[in-house]
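# Structural description and commentary
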Amino acid sequence: RVRGAREGHRAGSEADATIVTESEAVIADVIVYGRIVCVCSIGLFLESGWTKVLQAEGNMNRPMAAQILGAVTNIVLDPLFIFALNMGVRGAALATIISQTVSAILVLLCLMKMEGPCHLDFKHLKFHLNQLGQMLRIGLPAGLQGIVFSLSNVLIQSSVNSFGSQVMAGNTAA
C-alpha cells in the first residue's frame, strides 16, 4: 500500500499499474521496477542530452547506433538477470539501467572523438561564468514556466481524479 494514499485511491506508479491490471503482484512489480529505474536512470538523462548535441551537429547515425546497442544489451541482459540469476523484476530494472548507461558511454565517446565546437575534452572543461549567466537568463524563466505548467497539470489531474474513475475517463476522452 502506498503511503499517503487515501483509502480506495492509489497514487503514482501504483495508480498507473491499476489501469492495466488488478493483480496485486503485478502492481508490486511495477512499483519496484519504477522506483529502481527512476532513481538510477542517470544514463538515460545523459544519453538523451548528449544525443541531442550530436544530432544538432547533423550526426544521426551514431546516436541511433548507440541506442540500438543499448537495446541489444537490454535484450541480452534481461533473460540473464531475470531467469539465470533469478533476480525477477529487479533484474529487468538493472538490465535497463545498464543498457541506458552503455548507450550514454557510447554517445560520450562519440563526443570525445569528434572535432569541432561540440568536441568534449574533460581536460579543458571549465565554467565560463559570463556564458553561464547568459544561459541562466534565457533558460531559467523557460524552466520555471515548464515547472509551473507541469505542476498545474498535476494539480488539475489530482482534482479530476478525486471525482472517481468515470470523471477521469470523461476528462481523458475530452
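For the structure itself, look to the data block above.
Notes on the structure in this doc start here.

Reading guide: rules and limits
- Residues numbered from 1 in each chain as written.
- Predicted model: local features only at pLDDT ≥ 70, side-chain atom pairs only at ≥ 80, totals over all residues.
- Heavy atoms only, no water.
- Helix = DSSP H or I, 4+ residues; strand = E, 2+ residues; numbered from the N terminus.
- Buried < 20%, exposed > 50% of the residue type's maximum accessible area, 1.4 Å probe, protein only.
- Contact = heavy atoms within 4.5 Å.
- Areas by Shrake-Rupley, 256 points an atom, 1.4 Å probe, with all protein chains shown as cover.
- Core = buried A, V, L, I, M, F, W, Y, C linked by side-chain atoms within 4.5 Å.
- Disulfide = S-S within 2.5 Å.

### Focus on the overall build of the protein
Across its full length, the protein carries 7 helices and 0 strands. Listed N to C, the secondary structure of the protein is α-α-α-α-α-α-α in terms of helices and strands. Here the protein holds 174 residues, and the buried ones make up 21% of them. Partitioning the contacts of the protein with sequence separation of at least 6, the portion at a separation of at least 24 is 50%. Counting every atom, the protein has about 12400 Å² of accessible surface; 66% of that belongs to carbon and sulfur.

### Here's the deal with the nonpolar core
Side chains of nonpolar character tend, in soluble globular proteins, to be buried together. Listed in full, the 8 residues of the largest apolar core are L54, A66, V107, L108, C110, L111, M114 and L120. Contact partners of M114, with chain neighbours within four places excluded, come to L54, E57 and H119.

### What about the state of the cysteines?
Each disulfide consists of one covalent bond between the sulfur atoms belonging to two cysteines. Summed over the entire model, instances satisfying the criterion amount to 0 disulfides. Distance from the sulfur of C38, which forms no disulfide, to the nearest cysteine sulfur (C40) is 9.6 Å.

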